[in-house]
Amino acid sequence: MRLALPRWTGTLALKAAAFITVMCCALAALLGILVHVSVTNQTVGQARDLALSRLADATEAYEAGDSLLPGAGVDPPGLPASLRALAVAGDRGTMVADHDGRPTMWAAGPADGDRALAVVVDYSQQARTINALDRAILWSSALAIGATLLVGAFAVTRVTRRLHATARVARRISGGDLDARVDDPRTKDPTRPQDEVAAVAAALDSMAASLQSKLLSEQRFTADVAHELRTPLTGLHAAAELLPPGRPTELVRDRVAALRTLTEDLLEISRLDTGRERLDLDAVPLGALAERVVRASGTDTEVRVVRSVVVETDRRRLERVLGNLVANAHRHGRAPVSLTVDGPTVTVRDHGNGYPEYLVEHGPQRFRTEGGSKGHGLGLTIAVGQAEVLGARLSFSNAVDGGAVATLRLS
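Residues numbered from 1 in each chain as written. Predicted model: local features only at pLDDT ≥ 70, side-chain atom pairs only at ≥ 80, totals over all residues. Heavy atoms only, no water.

Student: Which parts of the structure should I look at to understand the packing of aromatic side chains?
Tutor: Each aromatic ring pair is summarised here by two numbers: the centre-to-centre distance and the angle between the ring planes. Scanning all chains against the criterion turns up 1 aromatic pair. Considering the side-chain rings of Y355 and F396, the 5.3 Å spacing of their centres and the 80° angle between planes classify their relative orientation as edge-to-face. Linking Y355 in the loop between β9 (345–349) and α9 (357–362) with F396 in strand β10 (residues 393–398), this pair joins segments that are 41 residues apart in sequence. A relative accessible area of 9% means that Y355 is categorised as buried. You can call F396 buried: its relative accessible area is 9%. (Phe/Tyr/Trp six-rings, centres within 6.5 Å; stacked < 30°, edge-to-face > 60°. Helix = DSSP H or I, 4+ residues; strand = E, 2+ residues; numbered from the N terminus. Buried < 20%, exposed > 50% of the residue type's maximum accessible area, 1.4 Å probe, protein only.)

Student: What's the story with the nonpolar core in this structure? I'm lost.
Tutor: Note that soluble globular proteins tend to have their nonpolar side chains buried in a common cluster. Judged by nonpolar contacts, the single largest core of 32 residues is most densely connected at L318, L325, L339, F396 and L408. Those elements giving two or more residues to this core turn out to be α7 (286–297), α8 (315–332), β8 (337–342), β9, α9, α10 (379–390), β10 and β11 (404–409). The next biggest cluster of nonpolar side chains, apart from the first, holds 14 residues, and it includes L55, M105, V121 and Y123. (Core = buried A, V, L, I, M, F, W, Y, C linked by side-chain atoms within 4.5 Å.)

Student: I keep staring at unusual backbone geometry and nothing clicks. Help me out?
Tutor: Trans is the prevailing form of peptide bonds, just as negative phi is the prevailing case for residues other than glycine. P336 follows A335 through a cis peptide bond whose omega is 0°. For D183, which is not glycine, the phi torsion reads 55° and is therefore positive. Structurally, D183 can be placed in the loop between α3 (124–174) and α4 (185–188). Classification of D183 as partly exposed rests on a relative accessible area of 43%.

Student: Mind showing me how you'd approach the pairing of strand β2 (residues 93–99) here?
Tutor: Every regular strand shows the same layout, with side chains that alternate between the two sheet faces. Note: β2 against strand β3 (residues 102–110), 7 bridges, orientation antiparallel. Counterpart to T94 in the pairing with β3 is A107. Once β2 ends, the chain turns through 2 residues before running back antiparallel as β3, passing D100 with a positive phi of about 60°. (Pairing = 2+ DSSP bridges.)

Student: Which parts of the structure should I look at to understand the sheet that holds β2?
Tutor: Sheet strands pair by backbone hydrogen bonding; their relative direction is either parallel or antiparallel. The 4 strands lie next to each other as β1-β4-β3-β2, forming an open sheet whose pairing is antiparallel. Pairing within the sheet leaves two strands with one partner each, and these edge strands are β1 (72–74) and β2. Pairs of neighbouring strands in the sheet enclose a mean axial angle of 30°, with direction left out of account. As defined by bridge partners, β1 adjoins strand β4 (residues 116–122) across 3 bridges and the pair is classed as antiparallel. For G73, the partnering residue across the bridge sits in β4 and is A118. Those strands touched by helix α2 (residues 81–88) are β2, β3 and β4, and its axis lies near 20° from that of β3. (Axes fitted to C-alpha atoms, helices over the stretch in contact; angles between N-to-C directions. Contact = heavy atoms within 4.5 Å.)

Student: Looking at this structure, how should I read the packing of α7 against α8?
Tutor: Each pair of packed helices can be summarised by the angle the axes make with each other and by the distance between the axes. Where α7 meets α8, the axes come as close as 10 Å, and the angle between the chain directions of the two elements is 55°. In this view, α7 runs oblique relative to α8, as classed from their interaxial angle. As α7 runs across α8, the sense of the crossing is right-handed. Contacts from L286, L289, A290, R292, V293 and S297 in α7 reach R315, L318, E319, L322, G323 and V326 in α8. (Parallel < 35°, antiparallel > 145°, perpendicular 65-115°, else oblique. Left-handed = near helix turned anticlockwise from the far one by under 90°.)

Student: Is there a simple way to explain the sheet that holds β10 in this structure?
Tutor: Taken in spatial order, the 5 strands line up as β6-β8-β9-β11-β10 in an open sheet, and their pairing is mixed. Looking at strand neighbours, the two that pair on one side only are β6 (301–307) and β10, the edges of this open sheet. Each strand axis lies, on average, 15° off the axis of its neighbour in the sheet, ignoring direction. Looking at chain direction, β8 and β9 are connected through 5 bridges and run antiparallel. Bridge pairing in β9 links D342 to T345.

Student: Where do I start with the environment of G90 in this structure?
Tutor: Positionally, G90 belongs in the loop between α2 and β2. Classification of G90 as partly exposed rests on a relative accessible area of 42%. In sequence terms G90 and A111 are 21 residues apart; their C-alpha atoms lie 8.5 Å from each other.

So yeah, pure geometry; function would need other evidence.
Written as structure tokens, this is what we have:
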């Protein structure tokens, strides 16, 4: 099982800061160890050479029977046992140890019998030098890491700020604001070096402009087609009214009426696409309005008012949304169909096969069909567009026991 990390660990700035910190600490530790080892070896080597030189003088004096110099003696107190054993064995050696509370460099060699001749050299100054060097390494490493972190954080923050700005623009575009642009100044001046963030920003702006151009062309085409169809349809409708009664006439009139409805729907969609629709707000009792919509639809729809509220909304647009949902439930679902009002939430449910997966996940799409079915026409598309104008949220789902469920939540 993979351990879930906190959300903040995924930010680029924190990852960069952690990487810089680890690299700086590793570099500081490596340099500090190298300097410490080099200086310590040099200092210890000098003290060892001095101690061995004094041991040689003491050995010469001891063999000549002269008195030993201060700091030299045979089996002096404090001589480390391991160094004494080495000297008794016939070898010379040195060792740093504490003597009388101070760091001391010992040098020892063989004397007569099982005794050792040793000299002691004060090692306090060398020890203080090494300790001061270690503190200097620690402080300088800390300062270097802090300065590097500040510079790195400043550089990374500038990049992440630009990335966040690009992400915000991308979210605005996905939300329908096709006028949103990053407008990175680096993309406007060809003499400036272009980094990867500027390339992403330029690609996003180009994509948004291309998408906006295509959508505007589609909207203009839809509006133009709908407008051009109105005139011949009006004449066709007038001509159909002059036909003699009979079954063929009824079929012609029915198809003309369907074509006129489709044309009006296209015009309504083109108006919604422009985003210039204005609300005519009024206080509306939601329960009474729902009952009136069902009566006007002429369908066998059960109305359940759990809790009615008065909402401030556009009556005509709300009636259009609910009417389309009820009509779609009867046209593409199966009875029984119910409309439930519970506060500012209105639910329309049927007991058919339910909505297609694409519609539940992405919302209605114009004229799309699924699996050879009749599709859902423009009614749901218009309902979603009018709901957006109202500031409401229209969602689609399928009931567990079967049937399509459309839920309108008014603010």
